[in-house]
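# Summary of the model geometry
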Amino acid sequence: MRRSLSARLSFWIVLAAALLFFVMILYLVRVWHSGVGEEVDKDAEQVLENAVFHLDDILEDAEWTTSVLAWFVDRDLDRPDMMIPHATNTLRYNTTLNSCSISFEPWFYPKKGEYYSIFSWHGPDGKIEWEQEGDDTYRYFEKEWYQLSKNLGYDCWTKPYLDDTNAPGLDSEMYISYCNPIFKDNSIFVGVITLDLSVKRLSETLYNVKPYENAYCIMLDEDGEYLVHPDADKLMSHSIFTEAEDLSLPALAELGEAMGHQEKGKKTFTMDGERYNVYFRPIPTTGWSIAIFCPESDIYGGYNRIQRNMIIILLVGLLLMFFLSVWLIRRQIAPLGRLAEEADYIASGNFERPLPSVDRDDEIGQLNRSFGNMQSSLVQHINDLTQSTATRERMERELQIARNIQMGMVPHQFDLGAGIDLYASMTPAREVGGDLYDFFVQDDHLYLCIGDVSGKGVPASLFMSVARGMFRVVARQGMPPEEIARRINDTISEKNDQMIFVTMFIADINLKTGVMDYCNCGHNAPVLTDGGKKAGFLECKSNTAVGIMPGFKFEGQSADLRGKVLFLYTDGLNEAENSSHEQFGNDRMLAELGREPFRDARTLVDRLSAAVNSHVAGAEPSDDLTMLCLKLSL
């Protein structure tokens with residue numbers, strides 16, 4: 001279906017606007033995306049720094065409290081009952097701690113028995129409770145936290161572990177403990193002080209500072225073990241490196257390496273189908289490291305919603321722009337539609353139909369006026385064309401009559417009697433031409449000629465008629481060819497103001513002896529062949545063309561035609577050109593004449609005609625083409 005001009009113009013206008021808006025929006029999106037990324041990095045790093053500061057404060061407080069408690073324990077080492085108020089007061093004045101224990105080597109206090117460990121904790125009603133722990137079912141001095149501090153000989157943090165004291169009011173959950181060895185006289189190991197922090201509380205502390213709804217934090221020790229992770233099952237069974245191996249995620253392992261080396265920074269990778277920005281930094285007091293995993297879907301969620309809304313608004317706006325443009329353009333170019341309808345009426349032949357009135361000074365008004373001028377000019381042109389067509393048709397009819405007259409002037413009856421095989425053809429380049437040929441038999445003599453008038457068209461054809469008529473009149477008087485040429489030349493030269501001339505080959509052939517007397521008047525040299533096997537040019541003297549020099553003395557020649565084939569032609573043969581302006585040429589003509597044994601004159605002429613047509617291959621003929629072939633059988 002053909003679309004209207006208004007729809008096409010609106011389409012291209014909207015398309016151009018869409019491309020412009022697209023480039024602008026793309027630029028704004030890139031700038032916005034970059035700005036959002038920078039702002040996200042700044043916010044996440046600030047949140048991470050606050051979290052580290054908060055955690056560091058909690059951990060430093062636990063370490064400081066432990067050092068204070070160690071001083072009291074060392075002071076009252078010989079009074080075991082003082083360990084109870086020391087353990088309870090420690091929790092009373094430090095609410096961030098979950099529990100506290102002061103544990104001694106077996107039999108360190110003989111009166112207390114093999115086990116002596118004061119364990120205090122925050123009860124469910126908020127009171128500080130305590131108990132003396134340790135028995136054959138819970139040998140505390142064999143626990144990992146106790147042995148770690150004993151073997152190291154200095155204070156340290158433990159890895160997360162599952163509490164198994166079964167103290168009343170304490171849930172069975174994951175803890176980390178800060179352990180401080182107790183030495184008697186600064187040299188003999190006698191026990192361990194531990195302050196316990198709930199991993200759940202640490203996790204809640206980190207989760208409360210997450211920058212996005214679906215963001216989460218992890219905390220690693222120096223070996224890459226999880227100290228904090230949203231999935232509690234991974235605290236005991238996984239490290240960041242085992243998880244990276246399970247997920248086939250080298251980027252996660254690289255994150256663990258960077259955190260283990262106490263580096264800070266940002267990494268971006270995809271995990272479980274979600275792309276994350278991961279911000280990490282170390283906790284200075286512990287050698288641990290913390291990381292926040294921020295999903296890009298959260299980071300850029302609002303940004304993406306705004307972007308989608310912008311695209312929807314843009315598409316709706318472009319659609320409205322399209323329909324508005326169609327309406328406005330259609331309204332503006334409505335006169336063009338009416339003008340097109342009137343133009344169709346005019347094109348159908350109703351040239352007098354009035355055009356619609358358009359009172360506008362813009363291009364449409366100018367076009368309407370131009371159409372009016374064109375209509376007037378068209379009417380005049382058609383009238384002129386009608387007259388010129390009638391004139392041209394009359395001239396074509398007259399030229400066709402002239403062609404018929406001209407072709408009727410040359411002989412078409414080639415049966416001249418026994419022993420004479422003669423055939424000729426003439427093809428004008430235009431309706432009428434300037435080539436000629438003629439022949440007749442008189443008193444056992446065959447007179448023939450072939451000629452080519454300079455120029456083409458009607459003047460050449462008139463000159464050809466004069467030359468052919470004079471040849472026939474003079475030749476019937478039995479004169480030799482050179483005399484025939486002289487008389488024609490003198491007659492034509494008298495009133496030849498246009499300086500038209502004709503090249504001619506005139507011959508008188510004795511049908512009894514086969515001797516040919518001839519005079520070549522500036523024409524192409526004829527070709528003689530010995531039965532069609534070998535072809536060569538007939539020797540010709542340099543006589544001028546007929547009609548140039550009055551009083552010129554022409555010279556004649558003789559040749560024996562017995563057993564020979566005589567081939568006469570005009571330059572429309574050897575100078576015929578194809579579309580590449582390559583001529584047929586004498587060499588190709590001679591080769592074609594000697595290509596096959598001679599059969600008859602007509603076959604030879606037809607073969608040459610076909611060869612020329614093949615060479616020209618449809619190109620416009622450059623000259624008239626005339627050929628004549630003669631073979632005597634004596």
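Note that the structure is predicted; figures quoted are calculated from it, not measured. (Residues numbered from 1 in each chain as written. Predicted model: local features only at pLDDT ≥ 70, side-chain atom pairs only at ≥ 80, totals over all residues. Heavy atoms only, no water.)

### Considerations on the sheet that holds strand 13 (residues 420-427)
Sheet architecture is open: five strands sit in the order 13-22-21-18-19, paired in antiparallel fashion. The outermost strands of the open sheet, each flanked by one partner alone, are strand 13 and strand 19 (535-537). The average undirected angle you get between the axes of adjacent strands in this sheet is 20 degrees. Looking at chain direction, strand 21 (residues 565-569) and strand 22 (residues 625-632) are connected through five bridges and run antiparallel. Residue pairing in the sheet places Val565 in a bridge with Lys631 of strand 22. Its contacts with the sheet put helix 15 (residues 586-593) on strand 18 (527-529), strand 19 and strand 21, and the angle it makes with strand 19 is roughly 135 degrees. (Pairing = 2+ DSSP bridges. Helix = DSSP H or I, 4+ residues; strand = E, 2+ residues; numbered from the N terminus. Axes fitted to C-alpha atoms, helices over the stretch in contact; angles between N-to-C directions. Contact = heavy atoms within 4.5 Å.)

### Looking at the pattern of salt bridges
This model, assessed by the stated rule, comprises 20 salt bridges. One salt bridge connects Arg588 with Glu582, and the closest N-O pair in it is separated by 3.6 Å. Using a relative accessible area of 34% as the deciding quantity, one classes Arg588 as partly exposed. Its relative accessible area of 40% is what places Glu582 among the partly exposed residues. Ionic contacts of the salt-bridge type, sharing partners, join the residues Glu483, Arg486, Arg487 and Asp490 into one network. (Salt bridge = Lys/Arg side-chain N within 4 Å of Asp/Glu carboxyl O. Buried < 20%, exposed > 50% of the residue type's maximum accessible area, 1.4 Å probe, protein only.)

### Some details on the state of the cysteines
In total, this model carries zero disulfides according to the counting rule given. In this structure Cys217 is a free cysteine whose sulfur lies 7.9 Å from that of Cys294, the closest cysteine sulfur available. (Disulfide = S-S within 2.5 Å.)

### As for the environment of Lys456
Within the secondary structure layout, Lys456 lies in the loop between strand 15 (445-453) and helix 12 (457-475). When its relative accessible area of 32% is taken as the criterion, Lys456 is described as partly exposed. Each C-alpha atom of the pair Lys456 and Asp435 lies 8.9 Å from the other, and the pair is 21 residues apart in sequence.

### Here's the deal with the packing of aromatic side chains
All told, the structure shown has 28 aromatic pairs when counted by the stated rule. Between Tyr140 and Phe141, the ring centres sit 5.2 Å apart and the planes meet at 75 degrees, which makes this aromatic pair edge-to-face. Summarising the aromatic geometry, the rings of Phe414 and Tyr423 are spaced 4.8 Å apart at their centres and angled 50 degrees between planes, so their arrangement reads as tilted. A single burial state applies to Phe414 and to Tyr423, both of which are buried. Here the aromatic cluster, defined as three or more aromatic residues joined through ring pairs, consists of Tyr115, Tyr140, Phe141, Trp145, Tyr146, Phe183 and Phe189. It is Arg476 that lies over the ring of Phe440; its NZ or CZ is 4.3 Å from the centre. Here the guanidinium or amino end of Arg588 rests over the ring plane of Phe584, the centre of that ring lying 5.5 Å away. (Phe/Tyr/Trp six-rings, centres within 6.5 Å; stacked < 30°, edge-to-face > 60°. Lys NZ or Arg CZ within 6 Å of the ring centre and 35° of its normal.)

### Here we look at the nonpolar core
Grouped together as the largest cluster of nonpolar side chains are 75 residues, with contacts concentrated most on Leu448, Met516, Phe567, Leu573 and Leu630. The dominant element in this core, judged by the number of residues it contributes, is helix 12, at eight residues. Apart from the residues within four sequence positions on either side, Leu448 is in contact with Leu422, Asp438, Phe439, Phe471, Phe505, Ile506, Ala507, Ile509, Leu568, Leu628 and Leu630. Within the second largest apolar cluster, 70 residues are counted, among which are Leu235, Trp288, Ile290 and Cys294. (Core = buried A, V, L, I, M, F, W, Y, C linked by side-chain atoms within 4.5 Å.)

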